[in-house]
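Each chain, written out:
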Amino acid sequence: DGDRLGTVAAIGSAGTTYPIRIRATDGDGLWFEEDFVLAVDAALPPTGITLSAGSIASSLPPGALVGQLGTVDGNSGDLHSYTLANGAGDNDNSLFVIAGAELRLASAVPAGRSSLLLRVATTDLSGATFEAPFALEVSDPSVRIRKDAG
């Protein structure tokens, strides 16, 4: 995969080490090799989910980006997937879709709403999951606040 190192067989348990040699070859046939020791870390579950947005404009069109999702995980190199989850705080899940780590609006924000509630799950490469509810404040972009000098 270019910049990713994979395995052809199951890896050992946490604490197992593997000596490897990596060779890079350029277009002219010149190469460089280096030896590494890879250590298997214990699979730690995700412990939190972050959302880059705390509010949403009431006029945001369907398909628009609401915010970026992130995961708090003790395994710094872990990869995560995201889904909308059922449970406490999932009241407005049907208004959203998740594409990769992007939370997007699936349909128009209902009129008169002051907040939207959704619940998100994150899953890491080991299959461990974490879920969290989020509340997004709905702002009305037609309201302008001006502070007069003086």
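Residues numbered from 1 in each chain as written. Predicted model: local features only at pLDDT ≥ 70, side-chain atom pairs only at ≥ 80, totals over all residues. Heavy atoms only, no water.

Novice: Help me understand the pattern of salt bridges in this model?
Specialist: Side-chain pairs of opposite charge can arise whenever the charged atoms involved come near each other. All told, the structure shown has six salt bridges when counted by the stated rule. Between Asp-92 and Arg-113 there is a salt bridge whose closest N-O contact spans 2.8 Å. Taken as a pair, Asp-92 in the loop between strand 6 (80–84) and strand 7 (96–99) and Arg-113 in the loop between strand 8 (102–105) and strand 9 (115–124) lie far apart in primary sequence, 21 residues in all. The partner of Glu-131 in a salt bridge is Arg-119, with the nearest N and O atoms 3.0 Å apart. A residue pair is termed long-range when its members are at least 10 positions apart, and Glu-131 in strand 10 (residues 129–139) and Arg-119 in strand 9 qualify at twelve residues. What makes Arg-119 buried here is its relative accessible area of 14%. Salt bridges sharing partners connect three or more residues here, namely Arg-21, Arg-23, Glu-33 and Asp-35. (Salt bridge = Lys/Arg side-chain N within 4 Å of Asp/Glu carboxyl O. Helix = DSSP H or I, 4+ residues; strand = E, 2+ residues; numbered from the N terminus. Buried < 20%, exposed > 50% of the residue type's maximum accessible area, 1.4 Å probe, protein only.)

Novice: Sorry, what's going on with the pairing of strand 2 (residues 31–39) here?
Specialist: One ladder, built from nine bridges, connects strand 1 (residues 17–25) with strand 2; its direction is antiparallel. Of the residues in strand 2, the one forming a bridge with Ala-24 is Phe-32. From the end of strand 1 to the start of strand 2, which pair antiparallel, there are five residues, and Gly-29 there has a positive phi angle of about 85°. (Pairing = 2+ DSSP bridges.)

Novice: Can you walk me through the environment of Ala-101 in this structure?
Specialist: Structurally, the position occupied by Ala-101 is in the loop between strand 7 and strand 8. In the structure, Ala-101 is positioned eleven residues away from Asp-90 in sequence and 18 Å away in space, judged by C-alpha atoms. Setting aside residues up to four positions removed in sequence, Ala-101 forms contacts with Gly-67, Gln-68, Leu-69 and Tyr-82. (Contact = heavy atoms within 4.5 Å.)

Novice: What should I look at first to understand a nonpolar patch on the surface in this one?
Specialist: A contiguous nonpolar patch, built from Leu-5, Ile-11, Tyr-18, Ile-22, Phe-36 and Leu-38 and spanning about 540 Å² of accessible area, is present on the exposed surface. Only strand 1 and strand 2 provide two or more residues apiece to the nonpolar patch. Looking at where Ile-11 falls in the secondary structure, it is placed in the segment before strand 1. (Patch = residues over 30% accessible without salt bridge, like charges linked within 9 Å, V, L, I, M, F, W, Y side chains within 5 Å. Areas by Shrake-Rupley, 256 points an atom, 1.4 Å probe, with all protein chains shown as cover.)

Novice: Any chance you could explain the sheet that holds strand 6 here in plain terms?
Specialist: Where strands meet in a sheet, backbone hydrogen bonds hold them as pairs that are either parallel or antiparallel. Taken together, the four strands give an open sheet; going across it, the order is 4-10-9-6, and neighbouring strands pair in mixed fashion. The two strands at the open ends of the sheet, each matched to only one other strand, are strand 4 (55–57) and strand 6. Taken pair by pair, the neighbouring strands of this sheet meet at an average axis angle of 35°, ignoring direction. Relative to strand 10, strand 9 is paired through nine bridges, and the arrangement is antiparallel. Each bridged residue has a counterpart across the sheet, and for Thr-123 the counterpart in strand 10 is Thr-129. (Axes fitted to C-alpha atoms, helices over the stretch in contact; angles between N-to-C directions.)

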